[in-house]
Amino acid sequence: MGDDNVKETSLHLPQIPKPILHCPSLDTTTPMSDGEKVMQIKNSVCGMRFCPNDYELVCFSLIPRIFGYKPPLDIIQELDVYNTSPDNLPVYEFEYSTHGQAYFFTEKVMKKSKTKRTAGDGYWKVAGGEKCVTDNRKKQCVGYTKTMVFHRGKAPKGEQTKWVMDEIRVNASLYSHTERNEGLDLKMKKYVVCRIRDRELVKDPDPYWD
């Protein structure tokens, strides 16, 4: 699907709240490179950090990425999360959020119609059911989130580790069949954004989350 087709598609994105990184001292009118934007945010006197909730991750990061648009702040890199042990992911190097927490785009790996959960020297074990990601008024489900804990070893007898991951995907039913095609449907099913944290350092939900 080319960029021209994406731009011609009439998208009805869910209403997006004010970005969590909004700051009166942040210049959003002057053209800048991604590196310059990040440096301006880091040097801003408001002292904000990158701590989006699930709804903001879906609307500001994942939906634009799937449809081929550049996110407002392009600092989330794409990595092969499901084939890599979290010990080998650059979680501690992600300097825009709370130390010990990072965000990554990745594609879910399917194996016999099921999602592959093995990664490196262990596997991700789902903790609880999938939850709906809603807007601020709780009226529209924009996506789904699933929390997992990394276990080292072979399932089901692996040893629980300090790593926790929130896997967040888009609710494909937000868009009509006329706005989608087979390739786009596949992207919405497989493409996710992950919040990975070391729970020894990040124990509680961020106070800015809804």
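For the structure, see preceding data.
Since the structure is predicted, the reported quantities are computational estimates derived from the model, not experimental observations.

1. Section: the environment of Glu130
Phase 1: Turning to its location among the elements, Glu130 is positioned in the loop between strand S6 (122–126) and strand S7 (131–134).
Phase 2: Separated by 14 residues in the primary sequence, Glu130 and Tyr144 have C-alpha atoms spaced 6.4 Å apart.
Phase 3: A polar atom in the side chain of Glu130 sits 3.0 Å from the side chain of Arg169.

2. Remarks on the nonpolar core
Phase 1: Grouped together as the largest cluster of nonpolar side chains are 40 residues, with contacts concentrated most on Ile66, Trp124, Met165 and Ile196.
Phase 2: Among the elements of the structure, helix H3 (54–66), strand S2 (101–107), strand S8 (141–152), strand S9 (159–170), helix H4 (182–190) and strand S10 (191–198) are those that each provide at least two residues to this core.
Phase 3: No other element matches H3, which puts seven residues into this core.
Phase 4: With residues near it in sequence (within four places) discarded, Ile196 still touches Val81, Leu89, Val91, Gly100, Gln101, Ala102, Phe104, Trp163, Val164 and Met165.

3. What about the side chain of Lys146?
Phase 1: Along the chain, Lys146 turns up in strand S8.
Phase 2: Although Lys146 is buried, it makes no salt bridge; Glu130 carries the closest opposite charge, 4.2 Å away.
Phase 3: When sequence neighbours within four positions are dropped, the list of residues in contact with Lys146 reads Arg117, Val126, Glu130, Met165, Asp166 and Glu167.

4. Topic: the state of the cysteines
Disulfides are covalent bonds that connect the sulfur atoms of two cysteines.
Phase 1: Under the defined criterion, the tally for this structure stands at one disulfide.
Phase 2: Two residues, Cys132 and Cys141, share a disulfide whose sulfurs are 2.2 Å apart.
Phase 3: Note on Cys141: relative accessible area 19%, which makes it buried.

The rules behind each value
- Residues numbered from 1 in each chain as written.
- Predicted model: local features only at pLDDT ≥ 70, side-chain atom pairs only at ≥ 80, totals over all residues.
- Heavy atoms only, no water.
- Helix = DSSP H or I, 4+ residues; strand = E, 2+ residues; numbered from the N terminus.
- Polar contact = N/O pair within 3.5 Å; in protein donor to acceptor, adjacent residues only side chain to side chain.
- Core = buried A, V, L, I, M, F, W, Y, C linked by side-chain atoms within 4.5 Å.
- Buried < 20%, exposed > 50% of the residue type's maximum accessible area, 1.4 Å probe, protein only.
- Contact = heavy atoms within 4.5 Å.
- Lys, Arg positive; Asp, Glu negative; His and termini not counted.
- Salt bridge = Lys/Arg side-chain N within 4 Å of Asp/Glu carboxyl O.
- Disulfide = S-S within 2.5 Å.

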